[in-house]
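# Structure at a glance
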There are 2 protein chains.
Amino acid sequence: MKIGILGGGQLARMIIEECYKYGFEFHVLSKDPDSPAGQVTKYETAGEWDDENCLRKFSEGCDIITLENEFIDPQKIRSLEDRGKKVFPGSKVIGLIQDKLYQKKTLEKINIPVAKFCEVNDQKDILNFAKQHGYPVVLKSRTMGYDGKGNYLINSEKDVETAFESLSSRGELMCESFVNFDKEIATQVTRSISGEIKVYPVVETIQKDHICNFVIASKDQFEKIKLKAEEIAKKVVTELDYAGTLGIEMFLTGSDILVNELAPRVHNSGHYTIEGCYTSQFENHIRAIMNFPLGSTQLRENNSVMINIIGERNGLSKLQNAGELLSKEKVYLHVYGKKETRFGRKMGHITVLGDDLSKTIALAKECREAIRI
Amino acid sequence: MKIGILGGGQLARMIIEECYKYGFEFHVLSKDPDSPAGQVTKYETAGEWDDENCLRKFSEGCDIITLENEFIDPQKIRSLEDRGKKVFPGSKVIGLIQDKLYQKKTLEKINIPVAKFCEVNDQKDILNFAKQHGYPVVLKSRTMGYDGKGNYLINSEKDVETAFESLSSRGELMCESFVNFDKEIATQVTRSISGEIKVYPVVETIQKDHICNFVIASKDQFEKIKLKAEEIAKKVVTELDYAGTLGIEMFLTGSDILVNELAPRVHNSGHYTIEGCYTSQFENHIRAIMNFPLGSTQLRENNSVMINIIGERNGLSKLQNAGELLSKEKVYLHVYGKKETRFGRKMGHITVLGDDLSKTIALAKECREAIRI
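First things first, this report covers the structure right here in the doc. Quantities reported herein were computed from a predicted structural model and do not represent experimental measurements. (Residues numbered from 1 in each chain as written. Chains lettered and ligands numbered in written order. Predicted model: local features only at pLDDT ≥ 70, side-chain atom pairs only at ≥ 80, totals over all residues. Heavy atoms only, no water.)

### Let's talk about the nonpolar core
Counting 92 residues, the largest nonpolar core has Phe26, Leu333 and Ile350 of chain A together with Phe26, Leu333 and Ile350 of chain B as the members making the most contacts within it. Look past the residues within four positions of Leu333 of chain B in its chain and what remains in contact with it is Lys21 and Tyr22 of chain A together with Ile309, Leu319, Ala322, Leu325, Leu326, His349, Ile350 and Ile371 of chain B. (Core = buried A, V, L, I, M, F, W, Y, C linked by side-chain atoms within 4.5 Å. Buried < 20%, exposed > 50% of the residue type's maximum accessible area, 1.4 Å probe, protein only. Contact = heavy atoms within 4.5 Å.)

Shown next, in the form of structure tokens:
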């Protein structure tokens, strides 16, 4: 069984790491050779996934194909499907999610709570939207945005022109009400081809410079909204007829949940599931698309805390002080194999399990401080 | 950091699967291409590890080298060391362990309890040994024996000639008293380059057709001999100045322990540690030779049971009914990627965790019955 993955980053790498135990082989299509995922498999094709020839050639050796990012032209995926290739998640769902305007419209149509939003063709659309719903508003690129790239916070009328001009070169735009949330939360949900669904715990996510940086999963948190979040997650994957793991970013205000964004893939907010849950999001993703039964998504211990290791300089990467971390119990280090470190680049992550939440958080931060890469 | 592994079987495969998270690369030297371990890495050299040219070429690209089996000429390892290569475990310890007679002599010298034994040059040696210590005795090939191959049980004088003739073609021989044990037990012990030692729980091992087939790790078992086994394990790795994970097979009679065999590598009796312990024997092996601190070897749950999936036919392998297993909680499947199944070939294993030992054992057996490969 050879599973193809479009994309060769850390998400693909962790899918592979988690699923070799089933005897599967993996073929990675990455932009650059020796990608994080390409380093851990025999089969890596370096090429553009928007190049139809490359994609077709890649797909020929794969029994089934999945993806680790949503920035792939759904038409290209469609052409694979038209040639009989199994791709999960498929072109239809990627098409709906990739464009944030379509995504919001889809969510609204199935009665999932989202912030107010509108399509933006010119500056007047922003001004009208703000007049109706008030400032601040967030101007967003409809496609290709990630880690805060493609977002612009507009606090008043005088920001509108600058915002519009700075983002319009990135393609089509949309506008949303700014949500004054109490917390950002997230979950991952996996749905198999045959429709079995497992939802992961609701976690708190803390961003730093718009990058998901810190994730807290605790048995004791979000008791009141757990069920509501689970219902949302189940509804989304069912209505979309989704197969695989999907990340759901949400805003929590009081006990109100608004869905902020869907990611049709495994998600940074679920890295902790490798050690924190009985079955990781990565493994369940592959189980889902293989139509295997899904594994338990329950927490193994009371608390799991995940902190990203983000690059703090530019240059060749060099792991230092790993030993300091590994001498501590229930501390887990993941290094993505990126040869070069860069400011803001995700180089790895640390997960810490523990009984006492504040101690677990403190230990995770201490470990992050210790490591150099 | 590129780690070389001499051997490309399932032991190497599981080392790799468990340690990609540290960003390491692995280079495998296997007899045949597309070996179980070769399937999960970019770097596989197919060749004979006793071919010095091949070994030298292989070693050139590796920062550090380890091995997954002990059937490598220690002289060949020595020649790598002489050229400045770091090999763990090293030629000296492989030399001592590989030859079962030297192994037993070494153990005796450091006061580790072993069965009576003697060197065998001709049939008279066997007859004299039996006269002194009584039948039955076990005639053994001093080298290259595994899974019962190279052993012959001699019940009386009339078996001596057949036994000698059937084994003497395999090389030098030794003879041991047959131990009428209550249970076969085992442990794994990891020692790092700097001398840190962690011992895994004592497990019961049940052989089928001389192949380790069933392993039971339980918090409630072997209370009385736990400390004794731990002392033996620590003494062995300290006296041998060992680096890496070492498997120790033992006989238990009453509360007496005899060491049966050392394996200078990760061991089948420790496969359960992947899910059963906080840190697997595979990961600790690599931590040890990288001189990282070792991880906790404690059991995560009360009971872990491991059952091997041994081939029951000859032909192309085809995994069937995996879904039936994966629908059960705390059941873990490992498939080694061997393209061909054969009678008696280790194709994979199943680990089951649980609170109640007899239910855990029953579930493991049920799962083994269900799977076809």
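### So, the sheet that holds strand β2 (residues 25-30) of chain B
Neighbouring strands of a sheet are bound in pairs by backbone hydrogen bonds; such pairs are parallel or else antiparallel. Residue and element names in this part refer to chain B. Here four strands make up an open sheet; going across it, the order is β3-β2-β1-β4 and the pairing parallel. At either margin of the open sheet sits one strand with a lone partner, and together these are β3 (43-46) and β4 (64-67). Across the sheet, the mean angle separating the axes of adjacent strands is 20° when strand polarity is ignored. Bridging between strand β1 (residues 2-6) and β2 involves five bridges; their strand directions are parallel. In the strand pairing of β2, Ile5 is matched with Val28. Against the sheet, helix α2 (residues 52-60) engages β1, β2, β3 and β4, with an angle of about 175° to β2. (Pairing = 2+ DSSP bridges. Helix = DSSP H or I, 4+ residues; strand = E, 2+ residues; numbered from the N terminus. Axes fitted to C-alpha atoms, helices over the stretch in contact; angles between N-to-C directions.)

### Description of helix α10 (residues 281-289) of chain B
Residue and element names in this part refer to chain B. Counting buried residues along α10, nine of its nine residues qualify, which places the element largely inside the surrounding structure. Buried within α10 are the following residues: Gln281, Phe282, Glu283, Asn284, His285, Ile286, Arg287, Ala288 and Ile289. Phi turns positive one or two residues past the end of α10, at Asn291, with a value near 60°.

### Here's the deal with the pattern of salt bridges
Within the structure shown, the criterion is met by 55 salt bridges over all chains. Taken together, the salt bridges that share partners define one network made up of Glu25 and Lys42 of chain A together with Asp34, Glu44 and Lys339 of chain B. (Salt bridge = Lys/Arg side-chain N within 4 Å of Asp/Glu carboxyl O.)

### Quick look at helix α7 (residues 160-168) of chain B
Each turn of an α-helix holds 3.6 residues, which means side chains three or four residues apart point in the same direction. Residues and elements named next belong to chain B. Within α7, the full set of buried residues consists of Val160, Ala163, Phe164 and Leu167. Along the long axis of α7, the arc covered by the buried residues comes to 95°, so they all point the same way. Check the buried side of α7 and you find it contacts β5 (117-120), α6 (123-133), β6 (137-141), β7 (151-154) and β8 (173-177). (Arc of directions from axis to C-beta.)

### Overview of the relation of the copies chain A and chain B
Superposing chain A onto chain B takes a rotation of 180° plus a shift of 0.0 Å along the axis, which leaves an RMSD of 0.0 Å. This pairing of chains is accounted for by a two-fold axis. For chain A, the minimum C-alpha distance to the rotation axis belongs to Lys42 of chain A and amounts to 2.1 Å. (Least-squares fit on C-alpha atoms with pLDDT ≥ 70 in both.)

### Some points on the environment of Leu173 of chain B
All names here are of chain B. In this structure, Leu173 sits in strand β8. Distance in space between the C-alpha atoms of Leu173 and Gly150 is 9.2 Å, their sequence separation being 23 residues. Here Leu173 is in contact with Glu119, Val120, Leu139, Lys140, Ser141, Arg142, Phe164, Leu167 and Ser168, once residues within four sequence places are set aside.

### Brief notes about the side chain of Ser304 of chain A
All names here are of chain A. Mapped onto the fold, Ser304 is located in strand β15 (residues 303-310). For Ser304, a relative accessible area of 0% translates into the label buried. Excluding anything up to four places from it in sequence, Ser304 contacts Val215, Ile216, Ala217, Tyr272, Gly276, Leu299, Val352 and Leu353.

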